[in-house]
Amino acid sequence: MVLTLLLLVPALTGVVLLAVARTDRAERRGSTHAVALAGSAVTLVLTVVAAVARPGVDLRWVPTLGVRWHLAVDGISVPLLLLTAALTVVVVVHSRGREPARDVPGERSAATFYACILLVETGALATFLARDAIVFFVAFEVVLVPMWVLIGRFGDQHAAEQARADAAGRFVLFTVLGSTLMLLGILLVVTRTGTSDLVALATARGAGLDHATQVAAAVLLVGGLGIKIPLWPAHSWLPPAHTVAPTAGSVLLAAVLLKMGTYGIVRVVIPVVPDGFTAVSPYLALVGAVATVWGGLACLVERDLKRLVAYSSVAHMGFVALGLASGTWTGLQAALFGNIAHGVVSALLFLVVGGLKERWGSADLQVARAALRDVSPRLGWSLVVGFAAALGLPGLIGFWGELLALYAAWQPAGDRPVGVFRAAVVVALLGLGLAAAYALRVLRLVWVGGSGERWVTPPQVGPARDARGREWAVVALLVAATVAGGVLPRPLMAATADDARTTVGEAGVAGVGGGGR
Amino acid sequence: MTTVDWGLLLPVLAPVLGAVIVLVVDIAMPRVVLGHYVVAGISLVLAAAATVLTLRPPVGDTRASLCLPGTGEQARTCFYAVTGVGAGLQLAALLAAAVTLLLAAPLEPKDEHDRTPVTVSLLLAATAGAVGVVGARDLGSWLVTLELATLPVIALAALPGTRRALAGAVQLLTTSLVSFAVLALAAACWYAATGTPRLTADAVLGVSGTPQKGLLALAVVLVLAGIGFKLSLVPFHAWTPTTYAGAPLPIAVFLAGVSKIAALGALLVVVTALSSLGKAALVTTAVVAVASMTLGNLVALRQDDVVRLLAWSTVAQAGWVVVPLVSVSALGVRASASYLLTYVVSTLAAFSVVAVVVRGSGGRSGYRLTAYDGLVRRHPLLGGVLALALTTLAGLPPGIVGVVAKVVALRPVIAEGWWVIAVVAALNAVLGVAVYLRWFRVLLARPDASQAPAAVPAVPLHRVAVVVTGGVLVALSVQPQLLLGLLG
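Conventions we followed
- Within each chain, residue numbers correspond to sequence positions counted from 1 in written order.
- The lettering of chains begins at A and the numbering of ligands begins at 1, in the order of writing.
- Only residues with pLDDT of 70 or above have their local features reported here, since the model is predicted, and side-chain atom pairs are shown and tallied only from 80 upward, although totals for entire chains, interfaces and linings are computed over all residues.
- The side-chain numbers reported here are obtained from all heavy atoms of the structure, hydrogens and water having been left aside.
- Geometry is summarised by axes, namely lines fitted to C-alpha atoms with helices restricted to the contacting stretch, and by angles between N-to-C directions that run from 0 to 180 degrees.
- A run of H or I in DSSP counts as a helix once it spans at least four residues, and a run of E counts as a strand once it spans at least two, with each numbered from the N terminus.
- Note that the term roughly parallel is reserved for angles under 35 degrees, roughly antiparallel for angles over 145, roughly perpendicular for angles of 65 to 115, and oblique for everything else.
- The sense of a crossing depends on the near helix, which, turned anticlockwise from the far helix by less than a right angle, makes the crossing left-handed and, turned clockwise, makes it right-handed.
- Pairs of residues are marked as contacts when any of their non-hydrogen atoms sit within 4.5 Å.
- Any residue that is not Ala, Val, Leu, Ile, Met, Phe, Trp, Tyr, Cys, Pro, Asp, Glu, Lys or Arg is counted as polar, Gly included; the first ten are nonpolar and the last four charged.
- By buried area we mean how much accessible surface two parts lose on assembly, using a 1.4 Å probe and totalling the loss over both.
- Criterion for a salt bridge: a side-chain nitrogen of Lys or Arg within 4 Å of a carboxyl oxygen of Asp or Glu.
- Residues adjacent in sequence count toward polar contacts only when both atoms are side-chain atoms; beyond that, a polar contact is any pair of N or O atoms within 3.5 Å, and within protein one must be able to donate a hydrogen and the other to accept it.
- Whether two strands pair depends on DSSP finding at least two bridges between them.

Draft legend 1. Molecular detail of the packing of helix H7 (residues 144-154) of chain A against helix H18 (residues 419-444) of chain B. It is at 12 Å that the axes of H7 of chain A and H18 of chain B come closest, and there the two elements cross at 60 degrees. Comparing the axis directions of H7 of chain A and H18 of chain B gives the class oblique. As H7 of chain A packs across H18 of chain B, the resulting crossing turns out to be right-handed. Residues Val145, Trp148, Val149 and Arg153 of chain A of H7 of chain A pack against Leu437, Phe440, Arg441 and Leu444 of chain B of H18 of chain B. A class-by-class count of the residues in the contact of H7 of chain A with H18 of chain B yields 6 nonpolar, no polar and 2 charged.

In structure tokens form, the structure reads like this:
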């Protein structure tokens, strides 16, 4: 019951905001914000309760299709659930005072804005809780429309209406293509095995599915989820979406929505069609490795800071894919850790970069500006920490996921071609080098000020204020999480350890790289 | 001695009776307008109640009427039979007709050119045909009821007498005649192949392995073509946009709702009789389905007139309706019917909102996409219901029933291993999202302050239609089983 409540609270808060709490007075006096904050806080509390008590619910939903309302919590979903609920609170707190401006008197858009944030949260939580493949698919789709509204309607007001519509449309269409391909894969598994229960399917470990079916299902599922993650070369929707999205939307998109793709691979592919995934994994590893280099190269030349962070996400998800592909327990642990790490780091970066964009009026790196350390040292330091974590500096949260992913891929599970994986590791190391290069490029430009030769006449901007109050609180919180995750990786690793072991099964644990931690 | 189960026949007889009473009342008391709607409403409710009784458990059982006495071991011959799926379709047709009636009712003071009794009685007659064809089990009544479901609509489409209306009606007439000719030929082939006019499984049983097999396959392909006209499947779709746009709005609603149910009901009568469609018919179904989806979506993307947009979306959705029939099984039949019902509910909801907006804006400007600028803000109820209907058609949450319908429609395709079709359908799901989100985006747009539309003076009955269809969509999205369970 707790789990259904966990989904109902944000969903109903969203509906209430859409339908009831939209008087002009409510928005002026902040009660709209209060409702949203209360809804997200209660959700966070319920998530913590669910994480501790590990309840489950299993009811009939659509008997004709054999679909059950089956929700459960395990070690793999707990960190993602907590991340989602916590970041929603962060985003709601941060958005106070940054609600979309009204152009028409009496226009009530703040309620819609917060409602969309809470509905995105509902969809993400439902995805991480679902234990029925069809429910998983439906939950996967729930985030689309609210996110589309966030990008298209509440996006960057400096961008043209058409640009916003294009970015939002591209996001939805790519994601729908991905999820429909995933649906084909799910239906293939469901029609051949006769059940859509993910627990039963994971226990069966592909029993009753011949090799060809498994490979076909794995191709469809990984292909579909790969668009969502996004994996190179299906990543082209991500940078425009991030460029246009409001800060809150960018944070949720990077930190939560992208995780739904990798989580899908862990939940629906690896245990359900293990043989199929083994066949697909060399390609996944190569694609992941290419993504690290591709994302890094794009970051080296990108002028827009938000797009740059988006491309760095592509690179980071490449490392996660590499870890997943290795098929070992270590690799899966690395991927799950990398998932959370990227969630925290990208949330931090998007909050800081969004804040800078607010102050600068644009996020163009070629416009020369006063050095951040002089103008707004708090934001500057946070940016340094964020990019340091992104380049995988030891002692910060980004380090463990990437290092372990490379280590696991160097010694993949026994049934995988070692040569291909080692080649992928070599390529990914190059990507790691590029990450250092682009991180330093950004830090030099921003921390020290514009570079001498390419100065563009700076537009007249007012003195940039440093982060204060709410903004500084949430940024500081994420900086603390980044450092804490880097210094103390054990609790997070331990949370996922057991369930990761059952997910990879015998082959991964007993394989060459299985014993290491 | 024939046995007749009158209760089973009531859903067909009640609308017919209603149509007659309306005409009689009009002769006796020519000034009563409201009375016609009351009579029609009562007859539809009565018929719907009778179908609900048919739906009682055990669901899935076939109930039959108009049976000849069986002799010895020979099975009884029945000329009317309703399966679980059939009863679901009948109920949906009756409810769709009721919504159409709500939208057709301006209830204005009567003038000399009032055509209320004609409209109401023709609507009831066509509804009776739609309900009847679902249960028809012999070629004669199958053809007659199917045409009864079509011909009154042509008259209704032509009734305004404007050039646009006549153009649409003539196109519908021509199409219907061709369709009838094709279906008559199909009936002839069926009779020649099986030697019996009965549309039942045991009639087909004797044909397998005989030279008549080819003739039967031809009959099935011809049935597909003939029904294709009525379902607006490519390449028989050309009449749809013209007729929808030319006919009065309630008639377009009828064509999009009740007529489609009649057409699929007729098709399912034939499909359930067959144990296999034969390679030719299967490939035809698959190709036609995919072509409809693709062409319908592509053209719908470029429409700026909402009724034309809905017309092309009908073409696209018709493809989704027949695509599950590549699996000739109970699974395929149920999937097809479920998808159709989802489509009908959401299209009725969308059309109800369009009816209110058209009336509020006065004249043809309500048909333009720009008339919906910022509808969600101007009028949250209308905007909300339309948004829900569009997301259902697109198969996106919050229209969860649309998502489930997509799952249901694709399942038989995957089960039978039609990979190419499945992948093209997936691509079309994306195209469909683009089509409906284009309209959705308009709903969210900032309303242009300069041309602030006047308050919408809706007819109360139209609002009832909006609320009812919207409520049904919400209920189905929370619990899709309500719809899927209806079909047994």
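Draft legend 2. Structural context of the interface of chain A and chain B. Tallying the contact residues gives 33 residues for chain A and 36 residues for chain B. The largest share of the area that chain A buries against chain B comes from Trp61, Leu65 and Trp148 of chain A, three residues that together contribute 18% of it. Taken together, the links from chain A to chain B amount to 0 salt bridges. Our count for the contact surface shared by chain A and chain B stands at 2 residue pairs in polar contact (both at pLDDT 80 or more). Mapped onto the side of chain A that touches chain B, the elements with two or more residues apiece are strand E1 (56-62), helix H6 (133-142), H7 and helix H8 (161-193) of chain A. The element best represented in the side of chain A that touches chain B is H8 of chain A, accounting for 15 residues.

Draft legend 3. Fine view of the packing of helix H17 (residues 377-390) of chain A against helix H19 (residues 418-448) of chain A. Residues and elements named next belong to chain A. Where H17 meets H19, the closest approach of the two axes is 9 Å, and the angle between their N-to-C directions is 170 degrees. As judged from the angle between their axes, H17 and H19 are roughly antiparallel. Residues Gly380, Trp381, Leu383, Val384, Phe387 and Ala390 of H17 form the contact with H19, whose own contacting residues are Ala435, Tyr438, Ala439, Val442, Leu443, Val446 and Trp447. The class makeup of the residues in the contact of H17 with H19 is 12 nonpolar, 1 polar and no charged.

Draft legend 4. Focus on the pairing of strand E2 (residues 67-72) of chain A. Residue and element names in this part refer to chain A. Pairing of E1 with E2, which is carried by 6 bridges, proceeds in the antiparallel orientation. Looking at E2, one finds that Val57 is bridged to Leu71. Where E1 folds back onto E2 in an antiparallel hairpin, the turn is made up of 4 residues, including Gly66, whose phi is positive at roughly 70 degrees.

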